[in-house]
Number of protein chains: 2
Amino acid sequence: MGNRLLDAFAFEYKHLLEAELRKLVDRLEAPPIIKKAMHYSLEAGGKRIRPLLLFATIAAFGLDPKKGLLAASAVEMVHTYSLIHDDLPSMDDDDYRRGKLTNHKVFGEATAILAGDALLTYSFEVMGMIPNDAASSDAKLKLVTEFAKAAGAEGMVGGQVADMEGENKELSLEELEYIHIHKTGKLLGFSVQAGAIISGANEQQLEDLRRFAHHLGLAFQIQDDILDLVGNPDLLGKPVGSDTSNHKCTYPQLLTMEGAKKALQHHIDESKHYLERTGLSTTLLLELTDLVASRDH
Amino acid sequence: MGNRLLDAFAFEYKHLLEAELRKLVDRLEAPPIIKKAMHYSLEAGGKRIRPLLLFATIAAFGLDPKKGLLAASAVEMVHTYSLIHDDLPSMDDDDYRRGKLTNHKVFGEATAILAGDALLTYSFEVMGMIPNDAASSDAKLKLVTEFAKAAGAEGMVGGQVADMEGENKELSLEELEYIHIHKTGKLLGFSVQAGAIISGANEQQLEDLRRFAHHLGLAFQIQDDILDLVGNPDLLGKPVGSDTSNHKCTYPQLLTMEGAKKALQHHIDESKHYLERTGLSTTLLLELTDLVASRDH
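An unreviewed UniProt entry lists chain A under the name Polyprenyl synthetase family protein, from Bacillus xiapuensis. Per its UniProt entry, chain A bears the Sequence similarities (unreviewed entry) comment "Belongs to the FPP/GGPP synthase family." If you open the UniProt record of chain A and go to Cofactor (unreviewed entry), you find "Mg(2+)".

Draft legend 1. Main features of the interface of chain B and chain A. Listed as interface residues are 45 residues of chain B and, on the opposing side, 45 residues of chain A. Both faces combined, the contact of chain B with chain A buries some 3,700 Å², and carbon together with sulfur accounts for 73% of it. For the interface between chain B and chain A, the tally reads 0 salt bridges. Run the count over chain B and chain A and you get 6 residue pairs in polar contact (both at pLDDT 80 or more). Residue assignment for the side of chain B that touches chain A shows that the elements contributing at least two residues are helix H2 (32-42), helix H4 (69-86), helix H6 (109-128), helix H7 (137-151) and helix H8 (156-166) of chain B. Counting residues per element, the side of chain B that touches chain A draws most heavily on H6 of chain B, which supplies 12 residues.

Draft legend 2. Region of interest: unusual backbone geometry. Residues and elements named next belong to chain A. In the Ramachandran plot, Arg48 falls in the positive-phi region, its phi being about 55° despite a non-glycine side chain. Assignment of secondary structure puts Arg48 in the loop between helix H2 (32-42) and helix H3 (49-60). At Asn168, a position not held by glycine, the phi torsion is positive, near 65°. Checked against the element boundaries, Asn168 lands in the loop between helix H8 (156-166) and helix H9 (173-198).

Draft legend 3. Geometry of the packing of aromatic side chains. All names here are of chain A. One pass over the full model with this rule turns up 11 aromatic pairs over all chains. Aromatic side chains Tyr13 and Phe55 sit 4.9 Å apart centroid to centroid with 40° between the ring planes, which places their arrangement in the tilted category. Pair noted here: Tyr13 is in helix H1 (residues 4-26) and Phe55 is in helix H3, with a separation of 42 residues, a long-range link. Of the two residues examined, Tyr13 and Phe55, each falls in the buried class.

Draft legend 4. Representation of H4 of chain B in the model. The terminal C-alpha atoms of H4 of chain B, which comprises 18 residues, lie 26 Å apart, in line with the 26 Å expected from a rise of 1.5 Å per residue. The buried fraction of H4 of chain B is high, at 18 of 18 residues.

Draft legend 5. Highlighting the pattern of salt bridges. Residue and element names in this part refer to chain B. Enumeration over the complete set of coordinates arrives at 25 salt bridges over all chains. Where Glu76 meets Arg48, a salt bridge forms, and the shortest distance between an N and an O atom there is 3.0 Å. With a gap of 28 residues between them, Glu76 in helix H4 and Arg48 in the loop between H2 and helix H3 (49-60) connect regions that are remote in the sequence. The salt bridge involving Lys149 is made with Glu146; its shortest N-O contact spans 3.8 Å.

Draft legend 6. Here's a closer look at the packing of helix H6 (residues 109-128) of chain A against helix H7 (residues 137-151) of chain A. Residues and elements named next belong to chain A. The interhelical angle for the contact between H6 and H7, taken along N-to-C directions, is 160°, at an axis separation of 9 Å. In terms of orientation, H6 lies roughly antiparallel with respect to H7. The crossing of H6 and H7 is right-handed. In contact with Ser123, Phe124, Met127 and Gly128 of H6, H7 contributes Lys140, Leu143, Val144, Phe147 and Ala148. A class-by-class count of the residues in the contact of H6 with H7 yields 6 nonpolar, 2 polar and 1 charged.

What counts and how
- Residues numbered from 1 in each chain as written.
- Chains lettered and ligands numbered in written order.
- Predicted model: local features only at pLDDT ≥ 70, side-chain atom pairs only at ≥ 80, totals over all residues.
- Heavy atoms only, no water.
- UniProt positions renumbered as here; feature names shortened; annotations may be inferred.
- Contact = heavy atoms within 4.5 Å.
- Buried area = accessible area lost by both parts, 1.4 Å probe.
- Salt bridge = Lys/Arg side-chain N within 4 Å of Asp/Glu carboxyl O.
- Polar contact = N/O pair within 3.5 Å; in protein donor to acceptor, adjacent residues only side chain to side chain.
- Helix = DSSP H or I, 4+ residues; strand = E, 2+ residues; numbered from the N terminus.
- Phe/Tyr/Trp six-rings, centres within 6.5 Å; stacked < 30°, edge-to-face > 60°.
- Buried < 20%, exposed > 50% of the residue type's maximum accessible area, 1.4 Å probe, protein only.
- Expected span 1.5 Å × (residues − 1).
- Axes fitted to C-alpha atoms, helices over the stretch in contact; angles between N-to-C directions.
- Parallel < 35°, antiparallel > 145°, perpendicular 65-115°, else oblique.
- Left-handed = near helix turned anticlockwise from the far one by under 90°.
- Nonpolar A, V, L, I, M, F, W, Y, C, P; charged D, E, K, R; others polar.

Right, dumping it as C-alpha cells:
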C-alpha cells in the first residue's frame, strides 16, 4: 500500500473488527454447524473496505473509531452474506472466492443459504446492540432503517436482481450504473453514512458524504472491472477475464479501457471534491479513496 | 371455525394485513421481477396465525390492534421468507405450498432466494417504520432486536438447521422439541411479545405471555404432525404422510397418536393457564388457542 497513516489504521482496525466478528458469532447459542459456516466466510479475509470506511468516517469527525465497532461488524456480516448467496450454484455458481472454497462447496447449499440468512438477521440485532453512549436510540433506529434500505430490494438485493437480468445482454451505461450503484454502491454508501450518524453529522455533512460515497462506489466498481481484465490472478484469487466468460457487461467493454480509466479518474476526483467540502479531517478517507483507485486486488 | 368473535376479528384483520403487505411491497423502488416474486408468496394465503396473535395480544390490553399493523406485516414477511427458502431444492425441495406452485418453481431458484432475502431485510425496515404514537424509539429498538433473535441462528434459522440435521435420524423427544421450539415457536412467541411490547406490558405480563406462547407453539406443532397423518389433503394443500416420506421425526411417531393427542391437550391447558394469569381480556387469544388445537389445516 505505502500510505503509512492508512496502513497502521487499517492494520489496527481490521484486527479489532475480526476479533469482534469472532466474538459475536461465538456467543450465539445455535447449532455448531451454522456457527462454523458463519465463521468460515467471515474469516475468509478480504479488504474490509466497508468497515474501514465506517471507522475512517468517525475518525474524520475527530471521534474514537471504536464507537463504530458493532456497526462495522453488522455491515461486514451483510457483505459476507451477500457473497455467500451470490456464489450459490443458482446464482454465480462460483467454487472459489479469494482463493478459498466457497461456503456451499464446504458446507453444502442448504447450510450456505441458512448461514447467509443467519448473518443477515444477526446484523440487525448487532446494530441494535450499539451502546447508548455511542448512539442514541433515535440514531440506532435510523441506522437500522437506512441499513435495511441499503441492503434490500431498493439497494443491494435490487442490484443483484438487475445484474442477473443483465447477463448475456448489451447494457447501456445507465443500466450498468444502476446495477453498480445498487449492488455495491448502496452498502459502501451506508458504511460512510453509518459513521456519520454515529458521529452526529449535520445535514450538509451527510449530503456531502453521501455524494463522496456515491462516486467512490462507482470508482470501486470501475477498478474492479479493469482488474478483471488486467489484474494478477494470484492477487485477485480468481482467474482474469471471468466477467467476459460469465457474459457480464463491464465498463471497459462499454467505454474502452481508455474510457474506463478516464471514468475512474472522474469519479475519484468527484469523490475527493465532496470530501473536501465537508471540512472534516479527511486524511484517512482520502488515502482510502486513492487505495480504491490504485488497488491491485 | 364457529367462534363468532374470532371469525369477525380474523376476517377484518387478515384483510387489513393483506392490504398493508401489498402496499408495502408496491412502494418499493426495485426491479419489477423481485416485487412480483415477493407479492406472489405474500399473497399465497395461509392462516396468518402470527399476525392474528399479535393483533389479539394488543386487543387483550384493550388497545387498538391497528397499532400492530406494521409489526404484524414484518412478522408475516419473515414467516414468508422462511417458507420460500425452506421450499428450495437444496432444502425441502417442495413444488407446491398451499396448493400453489412454490416461489422457485415460478420465478426460478435465484430470484426465489433473493425474494426471501429482500423480505427478510425489508421486515426490519418495516419494524422501524412504526409511528412514534404506536411505540417509543426504545420500544421499537427492543422490537428489532427481539425480532432478530427470534428469526436468526438462535431462533428460527437454528431450528431449520437442527431440523435438517435430524432428518433420517431417530430423535429424542428433547431433540424434537428443540427443533419445534426454534423453528416455529420462536416467531410465534415473538408475535405475542411484539403485541405486548406495543401495548406497554409489564415484566410479569411479558413473562406469562412468553410461557403462553411457548406452550401454544408446541401445541401448534403437535397438531401439525397429527394433521400430516390424519388430515384432509385438500384442506392441507399437500399430501398426507409427507413427513413420513420425507423421513421427518414426528410426535405421533415418538409418542404414538394417543400420546401425541395427550401432549397436545397438555400444552393447550398450560397455555390457557398462563394466559389467565395475565388478568387481561383474553377472549380472542383463548379462541385462537382453541383454533390451534382443533384446526383441520
